[in-house]
Amino acid sequence: MTESLSNKTIVIVGAGPGFGRTLALRAAAKGATVVVAARTESRVVEIAEEVRAGGGNAIAASVDATDPGSVRALRETVAGHTDAVHGLVYSAFAVPSMKPLAQTDHEQISRGIDLSVLGALRTTQEFTSLLEAGAADTGASAGAGTNEDGAGAAQDGAAPASSSVVMMASAVIHHSRERYAGYKIAKTALVALGHSLATELGPRGIRVNTVAPGYIYGETLKAYFEHLATKYGGTLEDVYAHTAEKMDLRRLPGEREIVDPVLFLLSDAASAVTGQTLTVDCGEFHT
Ligand SMILES: NC(=O)c1ccc[n+]([C@@H]2O[C@H](COP(=O)([O-])OP(=O)(O)OC[C@H]3O[C@@H](n4cnc5c(N)ncnc54)[C@H](OP(=O)(O)O)[C@@H]3O)[C@@H](O)[C@H]2O)c1
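So, here's what we can say about the structure. In this text, all values refer to a predicted model and were calculated from it rather than measured experimentally.

**Notes on the site of the ligand**
Here is step 1 of the chain: Near the ligand you find 25 residues, and of these Arg39, Thr40, Asp64, Ala65 and Ile216 are the closest.
Here is step 2 of the chain: At 3.0 Å from an oxygen atom of the ligand is found a main-chain nitrogen or oxygen belonging to Ser91.
Here is step 3 of the chain: Residue Lys187 places a side-chain N or O atom 3.0 Å away from an oxygen atom belonging to the ligand.
Here is step 4 of the chain: Notes on the ligand: free accessible area 870 Å², of which the protein chains cover 90%.
Here is step 5 of the chain: When its residues are assigned to classes, the shell around the ligand shows 14 nonpolar, seven polar and four charged.

Written out as structure tokens, the structure reads:
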């Protein structure tokens, strides 16, 4: 169980029907106001309505993370509702080339970097002032960047003030299979971006971490496994079993098992965690 997110506003950019939706619902259930943003307006409206139907607070907004004007408009929309943001999750993703580099044109690689890396950078930069304001009003009794005693040592009591950016990478960063090259380039650069932003924004009370899921076993992955089963013969269960046998836990993480570590990083329980990459993959890789 992660701790409460009450009085926090959390912006989810790239909120899809699987991970993004589950994150929005669980963050709202822990008391956060969630801003659900992606390009498909009907979907983000639907997710926001589902959050509200469960008693939570949600704002839906459309955004194209590759368009600086659109990201600015998202920030203006959010600033119209609140003067502080406490969490930003960057999850925008499009299926990359799954071919070796020799068969991948450079334009495809550029598009992956633009969405995964520059999208995360422009979104974080656009929201930095609101995140800084969020850092100032969480754990306000302690003051930004200090413990409740004003010194550097950890003490029991209120968590030192911080806000949190979480960027969704992938355990593809650990893979050596050639067909993942384009995806690996983009997500590895995203991890490097997270490190650099952690260094740059830490003095302003903003933590930056990346989460690297192995698989997220939800509808998207099930559809892909169905496709593989049809292509190579066998059933969805066969593909699952073949994939899961490489994991220490002999299974694949579900959406909730990826969402909960993200909620931890967003919460005050992770107030000293920044510049890290958390691999969540049921033990496929030991990092
Ligand atoms: N699924 C997995 O097994 C898996 C494994 C490892 C890592 N991950 C990572 O975990 C994250 C979530 O994965 P997921 O499977 O839930 O992905 P997903 O279903 O594809 O959701 C990501 C969302 O990003 C949005 N998006 C795409 N381009 C965008 C843009 N230009 N601006 C704003 N939003 C954009 C899409 O919504 P719109 O089309 O409406 O914009 C899409 O629904 C991703 O970062 C992914 O790389 C996933």
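Resuming the write-up.
**Notes on the packing of helix H4 (residues 106-137) against helix H5 (residues 181-201)**
Here is step 1 of the chain: Two elements in contact, H4 and H5, have axes separated by 9 Å at closest approach and are oriented at 20°. When the axis of H4 is compared with that of H5, the two are roughly parallel. With respect to the hand of their crossing, H4 and H5 are arranged in right-handed fashion. On H5, the residues touching Ile109, Gly112, Ile113, Ser116, Val117, Ala120, Leu121, Thr124 and Thr128 of H4 are Ile185, Ala186, Lys187, Ala189, Leu190, Leu193, Leu197 and Leu201.
Here is step 2 of the chain: Its residues placed into classes, the contact of H4 with H5 shows twelve nonpolar, four polar and one charged.

**Let's talk about the environment of Glu284**
Here is step 1 of the chain: Here Glu284 is to be found in the segment after strand S7 (277-280).
Here is step 2 of the chain: Here the alpha-carbon distance between Glu284 and Ala120, two residues 164 residues apart in the chain, equals 26 Å.

**Thoughts on the environment of Ala212**
Here is step 1 of the chain: By the secondary structure assignment, Ala212 is in strand S6 (residues 206-213).
Here is step 2 of the chain: For the pair formed by Ala212 and Ser4, sequence separation is 208 residues and the distance between their alpha carbons is 23 Å.
Here is step 3 of the chain: If sequence neighbours within four positions are ignored, Ala212 has contacts with Ala169, Ser170, Ala171, Ile173, Thr277, Leu278, Thr279 and Val280.

**Considerations on the sheet that holds strand S4 (residues 87-90)**
Here is step 1 of the chain: The strand order S3-S2-S1-S4-S5-S6-S7 describes an open sheet built from seven strands, whose pairing is parallel. In this open sheet, the two edge strands, each paired with only one partner strand, are strand S3 (57-62) and S7. Here the strands of the sheet are splayed against their neighbours by 20° on average, with no regard to which way each runs.
Here is step 2 of the chain: Taken together, the six bridges between strand S5 (residues 163-168) and S6 define a ladder with parallel strand orientation. In the strand pairing of S6, Ser164 is matched with Arg207.
Here is step 3 of the chain: On the sheet, H5 packs against S5, S6 and S7 and is oriented at approximately 160° with respect to S6.
Here is step 4 of the chain: Along the sheet, helix H8 (residues 255-266) makes contact with strand S1 (9-13), S4, S5, S6 and S7, crossing S5 at roughly 150°.

**What about the nonpolar core?**
Soluble, globular proteins show a tendency: their nonpolar side chains are buried together.
Here is step 1 of the chain: Core analysis: the biggest nonpolar cluster contains 34 residues, and Val11, Leu74, Phe127 and Met167 have the highest contact counts within it.
Here is step 2 of the chain: For Met167, the contacting residues outside a window of four places in its chain are Tyr90, Ala120, Thr124, Leu190, Leu193, Gly194, Leu197, Val208, Asn209, Thr210 and Val211.
Here is step 3 of the chain: The next biggest cluster of nonpolar side chains, apart from the first, holds 30 residues, and it includes Ala24, Val36, Ile47 and Val89.

**Comments concerning helix H2 (residues 41-53)**
Here is step 1 of the chain: Helix length check: H2 (13 residues) gives 18 Å between terminal C-alpha atoms against 18 Å at 1.5 Å per residue, within 8%.
Here is step 2 of the chain: Within H2, burial applies to Val44, Ile47, Ala48 and Val51. The buried residues of H2 occupy an angular sector of 95° when the element is viewed end-on, so they sit on one face. In H2, the exposed positions angled more than 90 degrees off the buried face are occupied by Ser42, Glu46 and Ala53.
Here is step 3 of the chain: Buried residues belonging to H2 abut helix H1 (19-29), strand S2 (33-38) and S3.
Here is step 4 of the chain: One or two positions beyond H2, positive phi appears at Gly55, with a value near 95°.

Quick notes on the rules
Residues numbered from 1 in each chain as written. Predicted model: local features only at pLDDT ≥ 70, side-chain atom pairs only at ≥ 80, totals over all residues. Heavy atoms only, no water. Near = heavy atom within 4 Å. Polar contact = N/O pair within 3.5 Å; in protein donor to acceptor, adjacent residues only side chain to side chain. Areas by Shrake-Rupley, 256 points an atom, 1.4 Å probe, with all protein chains shown as cover. Nonpolar A, V, L, I, M, F, W, Y, C, P; charged D, E, K, R; others polar. Axes fitted to C-alpha atoms, helices over the stretch in contact; angles between N-to-C directions. Helix = DSSP H or I, 4+ residues; strand = E, 2+ residues; numbered from the N terminus. Parallel < 35°, antiparallel > 145°, perpendicular 65-115°, else oblique. Left-handed = near helix turned anticlockwise from the far one by under 90°. Contact = heavy atoms within 4.5 Å. Pairing = 2+ DSSP bridges. Core = buried A, V, L, I, M, F, W, Y, C linked by side-chain atoms within 4.5 Å. Buried < 20%, exposed > 50% of the residue type's maximum accessible area, 1.4 Å probe, protein only. Expected span 1.5 Å × (residues − 1). Arc of directions from axis to C-beta.

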